[in-house]
Amino acid sequence: MDPIDTGSGSILRQPKAVWATAGASVVAFMGIGLVDPILPSIAEGLDATAGQVSLLFTSYFLITALAMLVTGFVSSRIGGRRTLLLGLALVVVFAGFSGTSGSVGELVGFRAGWGLGNALFVSTALAVIVGAAAGGSAAAILLYESALGLGMACGPLLGALLGDASWRYPFFGTAALMAVGFACIAAFLKEQPRPARKTSLLDPVKALGHGGLASTAVSAFFYNYTFFTVLAFTPFVLDMSPYRSGAVFFAWGVLLAVFSVIVAPRLQKRFGSLRVLGGSLVLLAVDVLVLGHGGHTAAVACTVLSGALIGVNNTVYTELALGVSDAPRPVASAGYNFVRWFAAAAAPFFAPRIEEWSNVHMPFTVAAVTAVLGALVVLIRRRSLTAEAEEFRPRHATEDSVGVFAN
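## Describing the environment of Trp-341
Okay, so step 1: You can see Trp-341 is positioned in helix α14 (residues 329-357).
Okay, so step 2: Considered as a pair, Trp-341 and Phe-221 are 120 residues apart in the sequence and their alpha carbons are 7.1 Å apart.

In structure tokens, the structure reads:
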């Protein structure tokens, strides 16, 4: 698929409402990797250990996981626009409070509130973009994926640039940018149609009764543990200045964006989704092993290279989750994300503790094993995934009014 022209219209020719939502999405995804380059600085500034600082990710994603059961319930009742604005308002408040933290405990708590706001926003953004975009759902999804990749790339860079002066500045900068996003969405986005049926709190859990969706979620759980070991623990291993660490993760994010939006669809078309996913997970396991057991140069190179593999995995997992079951997209994705984001919360918590119990190499060995486990789930459960794995169905794209935390 051409990254610019989807066949039904260019992703660049969009209404102001779409660009406002996509722009705010970039900033929302920036918040995930924002703290990467400044983790050592935060630890030094708040007199905290690596394990304590890593809880910034744990609290953020634990709340994000739990919020997956709530976002559809909320947005199906108050509408997509109000849900976006509520999420943005929470991010502005808690990102600002994060910059005023006097202890690591306060910062961890504020990041939890930030995670709730981000979950409300990002879980709704895709469907809002789909509903307002010109060029059909394919162009809208591509635009959303582009926003995700750009945000993941720019987050570490912004964190490094602002964090070089003080670890507090990236949090204030994010709050300011999200406030601009709030104003743009309030000005340009009209309320989206609400679904005919309101989503209950248990609908996402019930959707996991489908074998294909459950298999996708379990495989993604193992994969996410690997992903967030790289994202949350590697900065301590690299032990670089905020500028250098930011540059490494910026390059990582650029590869993530390019491979997610451009390379992954072409690989899927040629080899099929399941082969691409299984192969990419195995390569990620090898990459993480070299990262953890090689020298400093190898660690830097493998960190950057992991972005390409993570980009491929993100795209394939998203399409599997959205197309493998008959559940509406928001319900299926909420159940899927409810499972997988627990791993994003677990990895930053366990990786530093595994190092304390053993050595610096062991967290990466564990991460390599979880990547292989993710591939084994795909292999063993391939029959339940095959029906929808080879062709992504955009069947719910225009009928649903709440979206997904896609990647």
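And the narrative resumes.
## Examining the nonpolar core
Okay, so step 1: Counting residues in hydrophobic clusters, the biggest one holds 113 residues, and the most contacted among them are Ile-42, Phe-61, Phe-121, Phe-171, Ile-185 and Phe-228.
Okay, so step 2: In contact with Phe-228, other than residues within four places in its own chain, are Ile-32, Phe-61, Phe-233, Trp-341, Ala-344, Ala-347 and Pro-348.

## Some remarks on the confidence of the model for the protein
Okay, so step 1: When pLDDT is averaged along the protein, the result is 84, and 89% of the positions lie at 70 or above.
Okay, so step 2: Mean pLDDT across the elements of the protein ranges from a minimum in helix α16 (residues 382-389), with 70, to a maximum in helix α15 (residues 362-380), with 97.
Okay, so step 3: Under a pLDDT of 50 for its full length, residues 1-9 has, in the predicted model, 20 contacts with residues more than four places off or in other chains.

## Brief notes about the packing of helix α4 (residues 55-78) against helix α5 (residues 80-98)
Okay, so step 1: One way to put it is that α4 packs onto α5 with a least axis distance of 7 Å and a crossing angle of 125°. Considered as vectors, α4 and α5 are oriented oblique to each other. Note on element contacts: α5 touches α4 through Gly-80, Arg-82 and Thr-83, opposite Val-74, Ser-75 and Ile-78.
Okay, so step 2: Residues belonging to the contact of α4 with α5 are distributed by class as follows: two nonpolar, three polar and one charged.

## Considering unusual backbone geometry
Okay, so step 1: Within the chain, Asp-47 stands out as a residue other than glycine whose phi angle is a positive 50°.
Okay, so step 2: Even without being a glycine, Asp-239 presents a positive backbone phi close to 50°.
Okay, so step 3: Checked against the element boundaries, Asp-239 lands in the loop between α10 (211-238) and α11 (242-271).

Basis of the calculations
- Residues numbered from 1 in each chain as written.
- Predicted model: local features only at pLDDT ≥ 70, side-chain atom pairs only at ≥ 80, totals over all residues.
- Heavy atoms only, no water.
- Helix = DSSP H or I, 4+ residues; strand = E, 2+ residues; numbered from the N terminus.
- Core = buried A, V, L, I, M, F, W, Y, C linked by side-chain atoms within 4.5 Å.
- Buried < 20%, exposed > 50% of the residue type's maximum accessible area, 1.4 Å probe, protein only.
- Contact = heavy atoms within 4.5 Å.
- pLDDT = per-residue confidence, 0-100.
- Axes fitted to C-alpha atoms, helices over the stretch in contact; angles between N-to-C directions.
- Parallel < 35°, antiparallel > 145°, perpendicular 65-115°, else oblique.
- Nonpolar A, V, L, I, M, F, W, Y, C, P; charged D, E, K, R; others polar.

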